[in-house]
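What follows is each chain in one-letter form.
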Amino acid sequence: MQIFRTVILLSAATTLLACGNGDSGTMMSAQDDDTETFRQALPAAGDIELDYRSSGGSANALAGQQSLIAGMTAEAVIGTNAFMIGHFAIMHAVSRLPPTEEGPNSRVWQGTNNGIDVRVEAHRTLAPGGTRYDYVVAGRDAGTTGDFLPVIDGHVVRLDEQYQPRDGFGIVRFHLDHLNTLEPERAIDGKIRVGFRKANRAHQVHVRAINIVTPEDPGFPAAAEYVYAVRPDGSGAMQWFSKSDVKKDSAPLENVAVHSVWRADHSGIGSAVVFGGSLEVDYWHLVECWAGNFTKGYDMLETPGLRNDSGDASTCFGSPQDLETPAVEETLPDEDPAIPAPMPDEQG
């Protein structure tokens, strides 16, 4: 997905800022247990790394045709993983260094690289049900005394002992606009905000992209949103909207809204609405059911005045026609998405 390629580029740029053989400031003794507690509390790939891929198996397939909805869902999940893993690699590359400042409830790491002073802070407070850590990766022109601009920031609450180690929830913000101030040659803008929750192998992630501008992806949507939830057994659901080259004919891109649901073996049902772009009609409405290897057993394609059904609807484990696709929004509020509420499956 285009959104995730841009975030990976952001992560790579921040890595260049934060890592290297720069001035690391006055080092303090850092290999103590409490510093390690701070390191372990910071968000990491295992908190939100999601899984949706073909698991094999097929029955009553439509001549081996692959599900478009399952493929798009898998692509979005893969992009989400790359996005978050890139972010956490930055966070932990910096926090593995000895801190330059230590307090009873804080750690600070600071250094200089490629003409940028980089500062990573983590602050700890008690929170209902666990411990909260606020964190920020920020930069400024080296040698100046101005304010640091946050490039990545947010918070995570690590839950108490009734949950698995490192279970928690929180917010991650990517400030492309601030990165552009530090590196104006990139000519980028916008923000990406993420809310996440992981508890007892139940995972939820909510991604919101706001006013994104990037020369690397000229067709990048100004607004995109992804809401993902997966249960401990691997079953789950995803609702998202964005722009995508559904017709495979380049710009203009089509508006896409998708709702997919899958079982533990990754067989699923989905509903997608496509409009705009280079479509010759007002909309496509696509409904599909697929096996664990993403091979379709049933599909329905509807356009104004036309409907075509193929395959065997009895292969569907539910009624995909009842799935609601999210509304496509051209403008999203510059606000954090809500942190996902606890799922009943967390107690399982």
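For the structure itself, look to the data block above.
This is a predicted model, so every value here is computed, not measured.

Okay, the environment of Asp147 next. Within the secondary structure, Asp147 is located in the loop between strand S4 (130-141) and strand S5 (149-159). Look past the residues within four positions of Asp147 in its chain and what remains in contact with it is Gly139 and Arg140.

Next up on the list: the state of the cysteines. Cysteine pairs can be covalently joined through their sulfur atoms, and such a bond is termed a disulfide. Under the defined criterion, the tally for this structure stands at one disulfide. Residue Cys289 pairs covalently with Cys316 via a disulfide, S to S 1.8 Å. Where Cys289 bonds to Cys316 through sulfur, the torsion about that S-S bond is close to 95°, and the disulfide is right-handed. Of this pair, Cys289 sits in strand S13 (residues 284-290) while Cys316 sits in the segment after strand S15 (306-311), and the two are 27 residues apart along the sequence. The two residues Cys289 and Cys316 agree in class, both being buried.

A few words on the packing of aromatic side chains. In this description, an aromatic ring pair is defined by two values, namely the gap between the centres and the angle between the planes. What the rule picks out here adds up to three aromatic pairs. Aromatic pair Phe38 and Tyr133: ring centres 5.6 Å apart, planes at 85°, arrangement edge-to-face. In this pair, Phe38 sits in helix H2 (residues 33-41) while Tyr133 sits in strand S4, placing the two residues 95 residues apart along the sequence. Relative to Trp262, the ring of Tyr228 has its centre 5.5 Å away and its plane inclined at 50°; by these criteria the two rings are tilted. Taken together, the residues span a long stretch of sequence, with Tyr228 in strand S9 (residues 223-230) and Trp262 in strand S11 (residues 254-262) at a distance of 34 residues. The residues Tyr228 and Trp262 share a single accessibility class, namely buried.

According to the stated counting rule, one finds 22 salt bridges in the structure shown. For Glu102, the salt bridge goes to Arg107, with nearest N and O atoms at 3.9 Å. Here Arg107 falls in the buried class, since its relative accessible area comes to 3%. The salt bridge involving Asp334 is made with Arg193; its shortest N-O contact spans 2.8 Å. Remark: Arg193 occurs in strand S7 (residues 189-199) and Asp334 occurs in the segment after S15; sequence separation between them is 141 residues. By relative accessible area, which is 41% here, Asp334 ends up partly exposed. Owing to a relative accessible area of 10%, Arg193 belongs among the buried residues under this scheme. Ionic contacts of the salt-bridge type, sharing partners, join the residues Asp153, Arg173, Asp177, Lys191, Arg193, Asp334 and Asp336 into one network.

Calculation rules
Residues numbered from 1 in each chain as written. Predicted model: local features only at pLDDT ≥ 70, side-chain atom pairs only at ≥ 80, totals over all residues. Heavy atoms only, no water. Helix = DSSP H or I, 4+ residues; strand = E, 2+ residues; numbered from the N terminus. Contact = heavy atoms within 4.5 Å. Disulfide = S-S within 2.5 Å. Buried < 20%, exposed > 50% of the residue type's maximum accessible area, 1.4 Å probe, protein only. Phe/Tyr/Trp six-rings, centres within 6.5 Å; stacked < 30°, edge-to-face > 60°. Salt bridge = Lys/Arg side-chain N within 4 Å of Asp/Glu carboxyl O.

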